[in-house]
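Remarks on the overall topology
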Amino acid sequence: MSPSFFEIVELPNGDYALRRVDDDAAPLVRISFSPEAKEMMADRDMSIAKAMIAAGIEATGTISEEVDWGEDEGDFGDAQPHYTLH
């Protein structure tokens, strides 16, 4: 299997997306800023989108290392959705 290369692009609607270079499928990640947020960023929105995607990739790697995939597999029981406000 050949390695995949990724790119961050600005979509026609102004969103930013992470996608595979050789694939026209839906993006893996999409970031959308409100007009107010774009105004506050003063043309640094691409840099901020890159930082957000990099942080997400790093967090995904950290979380996947901490997960015990063998335990409680498929046992969701009465799982209630939970929300975290940051």
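Details of the structure are given in the entry above.
Along each chain, residues carry numbers from 1 onward, in the same order as the chain's sequence is written. Per-residue local features of the predicted model are confined to residues with pLDDT of at least 70, and side-chain atom pairs are confined, for both listing and counting, to 80 or more; whole-chain, interface and lining totals are unaffected and use all residues. Side-chain metrics in this entry use all non-hydrogen atoms of the structure; hydrogen atoms and water are not considered.

1. As for the overall build of the protein
Under the scheme used here, helices are H or I runs from DSSP no shorter than 4 residues and strands are E runs no shorter than 2 residues, and both carry numbers assigned from the N terminus. Helix and strand counts for the protein stand at 2 helices and 3 strands. Tracing the protein from N to C terminus, the helices and strands come up as β-β-β-α-α. Put simply, 17% of the contacts in the protein that link residues at least 6 apart link residues at least 24 apart. Reported accessibility uses the Shrake-Rupley method at a 1.4 Å probe radius. Residues are deemed covered only where the shown protein chains occlude them. Accessible surface, the protein as shown: approximately 7,400 Å² in total, 54% of it carbon and sulfur. Contacts between residues were defined by any pair of non-hydrogen atoms, one from each residue, lying within 4.5 Å.

2. Thoughts on the sheet that holds strand β1 (residues 6–10)
Pairing between strands is defined by DSSP: at least two bridges between them are needed. Read from one edge to the other, the open sheet built from 3 strands follows the order β1-β2-β3, with strand pairing classed as antiparallel. Since the sheet does not close on itself, it has two edges, and those belong to β1 and β3 (29–31), each with one partner. Strand after strand, the sheet turns through a mean of 25 degrees between neighbouring axes, direction not considered. Relative to β3, strand β2 (residues 16–20) runs antiparallel, the two sharing 3 bridges. Looking at the pairing, Ala 17 lines up with Arg 30 of β3. Sheet strands touched by helix α2 (residues 45–66): β1, β2 and β3. Its angle to β2, the strand with the most contacts, is close to 50 degrees. Note on geometry: axes are C-alpha line fits, over the in-contact stretch for helices, and angles between N-to-C directions span 0 to 180 degrees.

3. Topic: the side chain of Asp 45
With respect to the helices and strands, Asp 45 occurs in helix α2. Comment: no salt bridge for buried Asp 45; closest opposite-charge side chain is Lys 38, at 4.1 Å. Not counting residues up to four positions away in its chain, the partners in contact with Asp 45 are Tyr 16, Phe 33 and Lys 38. Throughout this description, buried means an accessible area under 20% of the type-specific maximum (1.4 Å probe, protein chains only), exposed means over 50%, and partly exposed covers the range between. Lys and Arg are tallied as positive, Asp and Glu as negative. Neither His nor the chain termini are counted. The working definition used for a salt bridge is a side-chain nitrogen of Lys or Arg within 4 Å of a carboxyl oxygen of Asp or Glu.

4. Details of the nonpolar core
Side chains that are nonpolar tend, in soluble globular proteins, to be buried together. What we call a nonpolar core is a set of buried Ala, Val, Leu, Ile, Met, Phe, Trp, Tyr and Cys residues that are connected through their side-chain atoms within 4.5 Å. Residues Tyr 16, Leu 18, Ile 31, Phe 33, Ala 37, Met 41, Ala 49 and Ile 53 constitute the largest nonpolar core, which totals 8 residues. Counting residues per element, the ones that place at least two in this core are β2, α1 (35–41) and α2. Ignoring sequence-local partners within four residues, the contact set of Phe 33 consists of Tyr 16, Lys 38, Met 41, Asp 45, Ile 48, Ala 49 and Met 52.

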